[in-house]
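# Architecture at a glance
Here are the chains, one letter per residue:
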Amino acid sequence: MAVSRRDVLLGSAGALGAASFSFPAPAIAQSEPIKIGCLAAITGPSSAPTVGFNRGVNFAVDAINNAGGVKGRKIEIVMRDTQGDPTKAVNATQELISQAKVHAMWGPLNSGEALATTPIMARAKMPDLHPCVVESLIDPAKFPNAFRIAPSNNQWDDAVRNYCLKILKVKKVAVIGDTTGYGVTAVGASVAAFKKDGADVVYQANVDSTQPDMTPDMLRAKNAGAEAIVVWSVSTGMEARMFNTRATMNWDVPFVGHPSMASGELAGLVAKPENWKKVYAIGYKSCSYDSAGKLPPKSEDLVARLAKANIALNDTLLWWVAGGIDCIELIAKAVAESGSTSSADIIKYWNTLSAYPGYFGNYRFSPTEHNGYLTEEIVMSESSTAKNGTFALAPGYS
């Protein structure tokens with residue numbers, strides 16, 4: 001079922017929240033809040049994405065609640081800090097389901113945690129939206145309750161590999177990730193795909209994200225003849241140490257990989273601004289500006305409204321903020337459309353979305369496809385060109 005722009009909760013005509021939805025819905029309890037459980041690494045080395053996602057979540061919740069809620073029902077966020085730890089994520093998931101009795105879940109925001117929590121939510125039939133990229137986390141047969149609102153790692157991996165091989169035209173790569181469940185899985189998949197396409201993976205490693213000195217790994221990559229370093233980690237601290245080490249080594253090699261390499265946090269972590277040059281991170285058309293510095297109109301409008309609400313973008317990524325908004329909107333829209341907070345009704349609604357216009361991107365779901373993000377919206381960004389959490393396209397795009 002296609003959803004028109006006017007039906008979107010946070011559409012521009014509603015100034016990020018209308019007094020009521022534009023469609024009829026059955027009467028539902030007006031006093032009971034819609035409880036959304038949020039599993040987020042608020043603290044710890046994997047916290048960078050959470051900063052942006054949480055700003056989007058809170059922005060969307062405030063907009064909807066201030067406009068009267070969803071058919072009179074306010075949204076209540078029940079947040080738990082997982083600290084990037086799968087064990088803490090499991091405990092929080094069980095508590096949110098059995099004790100807090102949330103109606104839907106957002107997260108985890110880290111694939112290592114999601115690998116541990118997704119089966120638990122499936123058994124509880126808990127509607128779950130997440131941005132985690134590991135392929136196995138989405139399986140409509142095993143996990144009919146789980147929906148992804150970001151690209152899968154295969155989509156990311158394809159974008160990175162194609163940029164390295166077809167635009168940078170390198171033949172030898174080093175692939176480095178952290179030691180989280182996500183990092184290990186992503187490095188393995190990336191190495192296999194590079195080799196399949198005929199590239200020479202001269203060095204691969206999984207490094208503890210708290211490792212203070214990246215010199216040994218960078219030296220091994222250089223001595224092996226790497227012409228590009230592919231990075232799979234959400235740890236901005238680890239990435240900054242790699243960039244600083246590259247400068248110390250006076251090695252003119254590009255970094256290509258994970259979106260976190262474009263996080264605004266890195267501006268304060270690199271030793272010199274120039275250390276952040278020649279770093280190309282996964283990006284998106286919705287968050288990329290043209291040669292005139294203009295974003296797509298819908299994104300320009302969103303950035304203006306975020307600025308008016310004093311939502312900072314200079315130290316995070318617009319896609320993280322927009323993804324948080326889309327998550328809340330998708331849950332609220334499901335409740336409004338069905339008139340219910342039952343798990344079955346929320347999941348049933350999401351399965352009808354053949355063309356859903358979000359802020360991060362357009363989503364497409366069906367009973368047999370829960371990977372919602374469209375591949376054609378993925379590009380590579382020049383990391384150091386951040387402007388309100390958006391970026392110039394990486395060199396080589398027409």
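Residues numbered from 1 in each chain as written. Predicted model: local features only at pLDDT ≥ 70, side-chain atom pairs only at ≥ 80, totals over all residues. Heavy atoms only, no water.

## Observations regarding the nonpolar core
Proteins that are soluble and globular tend to have nonpolar side chains buried together. We apply this condition: Here the nonpolar core consists of buried residues drawn from Ala, Val, Leu, Ile, Met, Phe, Trp, Tyr and Cys, with membership extended through side-chain atoms lying within 4.5 Å. Burial classes: relative accessible area under 20% of the type maximum marks a residue as buried, over 50% as exposed, and values in between as partly exposed (1.4 Å probe, protein chains only). A run of H or I in DSSP becomes a helix once it reaches four residues, and a run of E becomes a strand once it reaches two; helices and strands are each numbered from the N terminus. For the purposes of this description, domain bounds are those given by an automatic or database domain assignment.
Judged by nonpolar contacts, the single largest core of 111 residues is most densely connected at Trp106, Ile229, Trp232, Met242, Trp319 and Trp350. The element contributing the most residues to this core is helix α9 (residues 318-338), with 14 residues. Each of two domains, domain 1 (34-152 + 299-375) and domain 2 (154-292 + 379-393), supplies a minimum of three residues to this core. One finds Ala100, Val102, Ile120 and Met126 within the second-largest nonpolar core, a separate group that totals 12 residues.

## Things to note about the UniProt feature "domain: Leucine-binding protein" (unreviewed entry) in the protein chain
In plain terms, the rule: UniProt positions are given in the numbering used here, feature names are shortened, and annotations may be inferred rather than shown by experiment.
Mapped onto this numbering, the UniProt entry annotates "domain: Leucine-binding protein" (unreviewed entry) at residues 33-371. Along residues 33-371 the backbone is 42% helical and 17% strand, and the end-to-end C-alpha distance reaches 29 Å.

## Section: the domain arrangement of the protein chain
Operational definition: Contacts are assigned to residue pairs with any non-hydrogen atoms lying within 4.5 Å of each other. We define buried area as the total accessible area lost by two parts upon association, computed with a 1.4 Å probe and summed across both. By convention in these notes, a salt bridge is any Lys or Arg side-chain nitrogen within 4 Å of a carboxyl oxygen on Asp or Glu. Definition of a polar contact: a pair of N or O atoms within 3.5 Å, with one able to donate and the other able to accept a hydrogen when the atoms are protein atoms, and with sequence-neighbouring residues admitted only if both atoms are side-chain atoms.
Splitting the protein chain by domain gives domain 1 (34-152 + 299-375) and domain 2 (154-292 + 379-393). Distance between the C-alpha centres of domain 1 and domain 2: 27 Å. Facing 28 residues of domain 1, the contacting portion of domain 2 comprises 23 residues. Of the roughly 2200 Å² buried between domain 1 and domain 2 on both sides combined, carbon and sulfur atoms contribute 63%. Taken together, domain 1 and domain 2 are joined by 0 salt bridges. The tally of links between domain 1 and domain 2 comes to 10 residue pairs in polar contact (both at pLDDT 80 or more). Those elements that provide at least two residues to the side of domain 1 that touches domain 2 are α1 (48-66), α3 (111-124), α8 (297-308) and α9.

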